[in-house]
Amino acid sequence: MSDTMSLSKSVLIEQAQSQMQALFEIPERSVPEKLALTCRILFDGGHDSGLAGQITARGEQEGTYFTQQLGLGFDEITSTNVLLVDEDLTVLKGYGMPNPANRFHSWVYRARPDVNCIIHTHPLHVAALSMLEVPLIVSHMDNCPLYEDCAFLKDWPGVPVGNEEGQIISEALGDKRAILLSHHGMLVAAASVEEACVLALQFERTARMQLLAMSAGTIKPIAPELGREAHDWILRPRRSQIGFEYYARKALKRHTDVFE
């Protein structure tokens with residue numbers, strides 16, 4: 001006799017969440033290790049654009065964060081060549097120079113104490129969509145982590161190396177986890193490295209699906225209450241950890257030097 005067929009959806013979701021928390025073992029990784037893995041994961045996921053893009057995560061001391069070296073591609077980042085910098089982009093630990101465009105990350109971190117990781121990249125389909133000056137449309141279940149959680153900056157403010165761009169981008173982001181930047185790319189601001197990584201991958205897939213759907217017809221909206229339900233379910237911290245570990249296992253098979 002079945003014990004669950006008469007249970008409500010909310011109870012089943014709670015049970016599944018408890019099982020995910022109890023049954024999955026998540027490896028302990030340092031922030032530089034997670035960042036290096038994220039760089040390799042995003043490289044494999046189509047986020048490579050030469051030296052463009054930055055990935056950062058808060059350091060232990062207020063006003064500090066980890067980031068990759070300028071001059072290295074995402075496929076070259078290891079846990080040992082990640083830099084620790086302050087808000088002025090002064091290197092506190094490591095050797096090399098951070099990307100000057102990291103300045104706008106400092107503005108986002110100041111405005112959003114809930115954000116612990118920022119990913120800014122120019123993946124192909126996001127970049128193509130950004131040229132149309134239209135917002136990201138979330139109309140598929142897989143993409144609902146971004147449902148009502150992606151802002152849009154229609155007017156390109158220019159190369160983001162000044163404080164002006166930092167103020168514009170942080171204000172346009174508001175309290176959302178992501179933003180589409182016209183004529184530029186995407187930004188994800190998340191509570192953890194794991195959440196940021198899986199959201200960045202999903203952002204690019206969402207843009208690709210939108211372009212495909214727009215070429216075939218008119219995109220139909222999903223019911224808001226269902227979109228919000230899917231958003232909250234998929235974005236559970238444990239699901240982000242589990243998803244990140246899947247992508248990490250794939251990356252480690254291809255990139256054996258991540259932890260050198």
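Residues numbered from 1 in each chain as written. Predicted model: local features only at pLDDT ≥ 70, side-chain atom pairs only at ≥ 80, totals over all residues. Heavy atoms only, no water.

K.L.:
Sorry if this is basic, but what is going on with the side chain of Asp149 here?
P.N.:
Within the secondary structure, Asp149 is located in the loop between α4 (124–130) and β6 (150–153). Classification of Asp149 by relative accessible area gives buried; the value is 6%. Those residues in contact with Asp149, other than ones at most four positions away along the chain, are Lys176, Arg177, Ala178, His231 and Leu235. (Helix = DSSP H or I, 4+ residues; strand = E, 2+ residues; numbered from the N terminus. Buried < 20%, exposed > 50% of the residue type's maximum accessible area, 1.4 Å probe, protein only. Contact = heavy atoms within 4.5 Å.)

K.L.:
Even after reading the chapter, I still don't get empty space enclosed by the protein, so can you show me in this structure?
P.N.:
Tallying each qualifying case throughout the model produces 1 cavity of 30 Å³ or more. Looking at the largest cavity, its volume works out to about 60 Å³. What lines the largest cavity is simply Gly50, Leu51, Ala52, Gly53, Gln68, Gln69, Leu70, Gly71, Leu72, Gly73, Phe74 and Asn99. Of the residues contributing to the lining of the largest cavity, the split by class is 5 nonpolar, 7 polar and no charged. (1 Å grid on protein atoms, 1.4 Å probe; cavity = no way out; pocket = protein on both sides within 12 Å on 5 of 7 lines; lining within 4 Å. Points joined across faces, edges and corners; volume = space filled by probe spheres on them. Nonpolar A, V, L, I, M, F, W, Y, C, P; charged D, E, K, R; others polar.)

K.L.:
What is the right way to read the layout of surface pockets from this model?
P.N.:
In this model, the largest pocket occupies a volume close to 410 Å³. Lining of the largest pocket is provided by 16 residues; of these, Asp44, Gly45, Leu201, Tyr247 and Lys250 occupy positions nearest its centre. Elements with a minimum of two residues in the lining of the largest pocket: α2 (31–44), α4, α6 (193–216) and α8 (237–254). Grouping the amino acids of the lining of the largest pocket by side-chain chemistry returns 6 nonpolar, 4 polar and 6 charged. What the second largest pocket holds in volume is close to 350 Å³. Lining the second largest pocket are 15 residues, with Val198, Gln202, Ile234, Arg239 and Gly243 positioned closest to its centre. Breaking the lining of the second largest pocket down by element, the ones donating at least two residues are α6 and α8. Here the lining of the second largest pocket gets 5 residues from one element, more than from any other, and that element is α8. Its residues assigned to classes, the lining of the second largest pocket comprises 10 nonpolar, 3 polar and 2 charged.

K.L.:
Which parts of the structure should I look at to understand unusual backbone geometry?
P.N.:
When glycine is set aside, most residues are seen to have a negative phi, and most peptide bonds are trans. For Glu133, which is not glycine, the phi dihedral falls at a positive 55°. Assignment of secondary structure puts Glu133 in the loop between α4 and β6. Positive phi, close to 60°, is recorded for His183, a residue that is not glycine.

K.L.:
What's the story with the UniProt feature "domain: Class II aldolase/adducin N-terminal" (unreviewed entry) in the chain in this structure? I'm lost.
P.N.:
Within the UniProt annotation, "domain: Class II aldolase/adducin N-terminal" (unreviewed entry) is assigned to residues 33–211. Between the C-alpha atoms that bound residues 33–211 there is a distance of 34 Å. The span itself is 32% helix and 20% strand. (UniProt positions renumbered as here; feature names shortened; annotations may be inferred.)

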